[in-house]
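As a plain string of letters, each chain reads:
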Amino acid sequence: IITDKSIAIAAIKNDGDALQNASDQLKADKELVMVAVNNDGYALQYASDELRADREVVIAAVTQNGRALEYIPDELQTDEEVVMIGRKTYSGEF
């Protein structure tokens, strides 16, 4: 588990999926999570529940990878802008 933010940022800049190895505290750090989802939107799955419900984080994630729609909470599943962006960047079937 990575507990040092600077190490986590370096790892996440290289591979957004590295967020899964961050401590729970870092998974709740919006700056760190934004770095991760801008690198790999699918990294949203590893973010804290609070940040998975943060519209700014979600939009960044689905803009990078529409598959991140799988990990957004119900209240954002009905947000037309979020869903539209996600569908544009989704590489699979709905």
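Position numbers for residues start from 1 in each chain and track the written sequence from start to end. Reporting of local features is limited, given that this is a predicted model, to residues whose pLDDT is at least 70; pairs of side-chain atoms are given and counted only at 80 or more, and all residues count toward the totals for whole chains, interfaces and linings. The basis for the side-chain values is all heavy atoms of the structure; hydrogens and waters are excluded.

This part takes up the packing of aromatic side chains. Any Phe, Tyr or Trp ring, taking Trp's six-membered ring, that has another such ring centre within 6.5 Å forms a pair; planes under 30 degrees apart are called stacked, those over 60 apart edge-to-face, and the others tilted. Applying the stated criterion across every chain, the model contains one aromatic pair. For the ring pair tyrosine 42 and tyrosine 71, a centre distance of 5.3 Å and an interplane angle of 75° mean the geometry is edge-to-face. One end of the pair, tyrosine 42, is in the loop between α3 (30-39) and α4 (49-52); the other, tyrosine 71, is in the loop between α5 (55-64) and α6 (74-77), and 29 residues separate them in sequence. For every residue, the accessible area (1.4 Å probe, protein chains only) is compared with the maximum for its type, and the residue is labelled buried under 20%, exposed over 50%, or partly exposed between those bounds. The buried category is assigned to tyrosine 42, whose relative accessible area is 16%. We call a charge positioned over a ring when the NZ of a Lys or the CZ of an Arg lies within 6 Å of the ring centre and within 35 degrees of the ring normal. The positively charged end of arginine 67 is found above the aromatic ring belonging to tyrosine 42, 4.1 Å away from the centroid. Secondary structure counts use DSSP, requiring at least four H or I residues in a row for a helix and at least two E residues in a row for a strand, with both numbered from the N terminus.

Right, let's get into helix α1 (residues 5-14). Taken residue by residue, α1 has Ala8, Ile9 and Ile12 as its buried positions. Seen along its axis, α1 keeps its buried residues to an arc of 100°; they face one direction. Turned more than 90 degrees away from the buried face of α1 sit Ser6, Ile7 and Asn14, all of them exposed. In what follows, residue pairs with any heavy atoms lying within 4.5 Å of each other are defined as contacts. Close packing links the buried residues of α1 with α2 (24-27) and α3. Here the arc refers to the set of directions running from the helix axis out to each C-beta atom.

Looking now at the packing of α3 against α5. Packing of α3 against α5 leaves a shortest axis separation of 7 Å and a crossing angle of 20°. Accordingly, the angle class assigned to the pair α3 and α5 is roughly parallel. Here α3 runs over α5; the crossing is left-handed. Of the residues in α5, those touching α3 at Lys30, Val33, Met34, Val37, Asn38 and Asn39 are Glu56, Val57, Ala60, Ala61 and Gln64. Amino acid classes used here: Ala, Val, Leu, Ile, Met, Phe, Trp, Tyr, Cys and Pro are nonpolar; Asp, Glu, Lys and Arg are charged; the rest, including Gly, are polar. Residues that form the contact of α3 with α5 fall into these classes: six nonpolar, three polar and two charged. Axis geometry follows a simple rule: fit a line to the C-alpha atoms, using only the stretch in contact for helices, then measure angles between N-to-C directions, giving values from 0 to 180 degrees. Oblique is the label for any angle not covered by the other classes, which are roughly parallel (under 35 degrees), roughly antiparallel (over 145) and roughly perpendicular (65 to 115). A clockwise turn of the near helix away from the far one marks a right-handed crossing, whereas an anticlockwise turn of less than a right angle marks a left-handed crossing.

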